[in-house]
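Below, each chain spelled out in residue letters.
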Amino acid sequence: MSHISENIKKYREQMPEGVTLVAVSKTKPVSDLMEAYEVGQRIFGENKIQEMAAKWEEMPKDIEWHMIGHVQRNKVKYMAPFVNLIHAVDSLKLLKEINKEALKNNRTINCLLQVKIADEDSKFGLSQEDTTALLTSENLQDLKNIKIIGLMGMATFTDNQDQIISEFKVLKSCFDTLQKDYPQLTQLSMGMSADFKIAIAEGSTMVRIGSSIFGARNYN
């Protein structure tokens, strides 16, 4: 058995009931993804739309494709025919574009709102106030071909576990507060290779794990 197959099995054994493993396959060849597929992995995350679309063309059609990276509005059309979940939605403009392309494809596309919890300028995301404002906006009611099903966030890239715990707690608190008024919010995507155990302990329902499954990324 390959290391990829073994890693997938290892991680799936560590996932409590109700927590989804998204295998983050960016920069990896289809052959690597197929090794994960052969041992039952069906949810893959990519951060570049065109790379994801190329893999979708080539791979089995029972795969759920998750777009986990920052989304440029002019690229939405390439994934609209097939994407299952877009994790990093951070504006009403982007939601309108996703809705427009979903309508063209006669689909409803699931989305997560990205909330900025990290103490880093490089991270994207909405403030908690803007997240609430977006969910309550009348403009959102007109978008019939998208469905916001939860929140997503990325903790600061740091060895300080207390800081990571604190940031995940902020996101979980925001999620719990909003869920009272918006019961359709069922998914909380937080946690990656380095911090997924903390994320699960803090209430994550979806973890995004890449290099720990597939090995170091090929950015050449």
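Residues numbered from 1 in each chain as written. Predicted model: local features only at pLDDT ≥ 70, side-chain atom pairs only at ≥ 80, totals over all residues. Heavy atoms only, no water.

Visitor: I'd love a proper account of helix α6 (residues 128-136), names of residues and values included.
Guide: For α6, every residue scored as buried is listed here: Thr 131, Leu 134 and Leu 135. Projected down its long axis, α6 shows its buried positions confined to an angular sector of 95°, all on one face. Tucked inside the fold, the buried residues of α6 contact α5 (92-104), β5 (109-114), α7 (138-141), β6 (146-152) and α8 (161-181). (Buried < 20%, exposed > 50% of the residue type's maximum accessible area, 1.4 Å probe, protein only. Helix = DSSP H or I, 4+ residues; strand = E, 2+ residues; numbered from the N terminus. Arc of directions from axis to C-beta. Contact = heavy atoms within 4.5 Å.)

Visitor: Tell me about unusual backbone geometry, and please be specific about residues and values.
Guide: In this structure, Thr 27 takes a positive phi of about 70° despite not being glycine. Note that Thr 27 resides in the loop between β1 (20-24) and α2 (30-38). Positive phi values are uncommon outside glycine, yet Asn 106 reaches one of about 55°. Structurally, Asn 106 can be placed in the loop between α5 and β5.

Visitor: Quick rundown of the environment of Met 152? Include the residues and the values.
Guide: Here Met 152 shows up in strand β6. Sequence separation of Met 152 and Asn 99 is 53 residues, and the distance between their C-alpha atoms is 19 Å.

Visitor: Could you give me a rundown of the pattern of salt bridges, with the residues and numbers involved?
Guide: Using the criterion set out here, one finds seven salt bridges in the structure. The salt bridge involving Lys 100 is made with Glu 97; its shortest N-O contact spans 3.4 Å. Of this pair, Lys 100 and Glu 97 both sit in helix α5, separated by three residues, roughly a single helical turn. Here Glu 97 falls in the buried class, since its relative accessible area comes to 17%. When salt bridges with common partners are traced through the structure, they connect Glu 46, Glu 51 and Lys 55 into a single cluster. (Salt bridge = Lys/Arg side-chain N within 4 Å of Asp/Glu carboxyl O.)

Visitor: Go over the packing of α6 against α8 with me, naming the residues and quoting the values.
Guide: Look at α6 against α8: their axes get within 11 Å of each other, and the N-to-C directions meet at 25°. Between α6 and α8, the angle is such that the two are roughly parallel. In this structure, the crossing between α6 and α8 has a hand that is right-handed. Side by side, α6 and α8 meet where Gln 128, Thr 131, Thr 132 and Leu 135 of the first sit next to Val 170, Cys 174 and Leu 178 of the second. Taken together, the residues of the contact of α6 with α8 break down into four nonpolar, three polar and no charged. (Axes fitted to C-alpha atoms, helices over the stretch in contact; angles between N-to-C directions. Parallel < 35°, antiparallel > 145°, perpendicular 65-115°, else oblique. Left-handed = near helix turned anticlockwise from the far one by under 90°. Nonpolar A, V, L, I, M, F, W, Y, C, P; charged D, E, K, R; others polar.)

Visitor: Please give an account of helix α1 (residues 3-14) that cites residues and values.
Guide: Given a rise of 1.5 Å per residue, twelve residues ought to cover 16 Å, and the 16 Å separating the end C-alpha atoms of α1 matches this to within 8%. On the buried face of α1, the contacting elements are β1, α2, α9 (196-201), β8 (206-209) and α10 (211-214). (Expected span 1.5 Å × (residues − 1).)

Visitor: Summarise the pairing of β1; cite the residues concerned and give the values.
Guide: With four of five residues buried, β1 is to be regarded as a mostly interior element. Bridge count for β1 against strand β2 (residues 43-46) is two bridges, and the pairing is parallel. Looking at β2, one finds that Ala 23 is bridged to Phe 44. In this region the chain leaves β1, passes through α2 and returns to the parallel neighbour β2; the handedness of that crossover is right-handed. (Pairing = 2+ DSSP bridges. Right-handed = clockwise from strand over helix to strand, strands pointing away.)

Visitor: Quick one: what's the story with the nonpolar core, residue by residue and with numbers?
Guide: Grouped together as the largest cluster of nonpolar side chains are 63 residues, with contacts concentrated most on Met 79 and Leu 95. Ignoring anything within four residues of it in the chain, the contact list for Met 79 reads Ile 49, Met 52, Met 67, Val 71, Ile 86 and Arg 107. In this structure, Leu 85, Leu 112, Met 152 and Met 206 belong to the second largest nonpolar core, which totals eight residues. (Core = buried A, V, L, I, M, F, W, Y, C linked by side-chain atoms within 4.5 Å.)

Visitor: Describe the packing of aromatic side chains, listing the residues and the values that go with them.
Guide: Scanning the model with the defined rule gives three aromatic pairs in all. Ring centres 5.3 Å apart and planes at 65° place the aromatic pair Tyr 11 and Phe 196 in the edge-to-face group. One end of the pair, Tyr 11, is in helix α1; the other, Phe 196, is in helix α9, and 185 residues separate them in sequence. Here the aromatic rings of Trp 56 and Phe 82 are separated by 4.5 Å at their centres, their planes lie at 10°, and the arrangement is stacked. Pair noted here: Trp 56 is in helix α3 (residues 49-58) and Phe 82 is in the loop between α4 (76-79) and β4 (85-89), with a separation of 26 residues, a long-range link. Looking at Arg 42, its charged tip hangs above the ring of Tyr 37, at a distance of 3.5 Å from the centre. (Phe/Tyr/Trp six-rings, centres within 6.5 Å; stacked < 30°, edge-to-face > 60°. Lys NZ or Arg CZ within 6 Å of the ring centre and 35° of its normal.)

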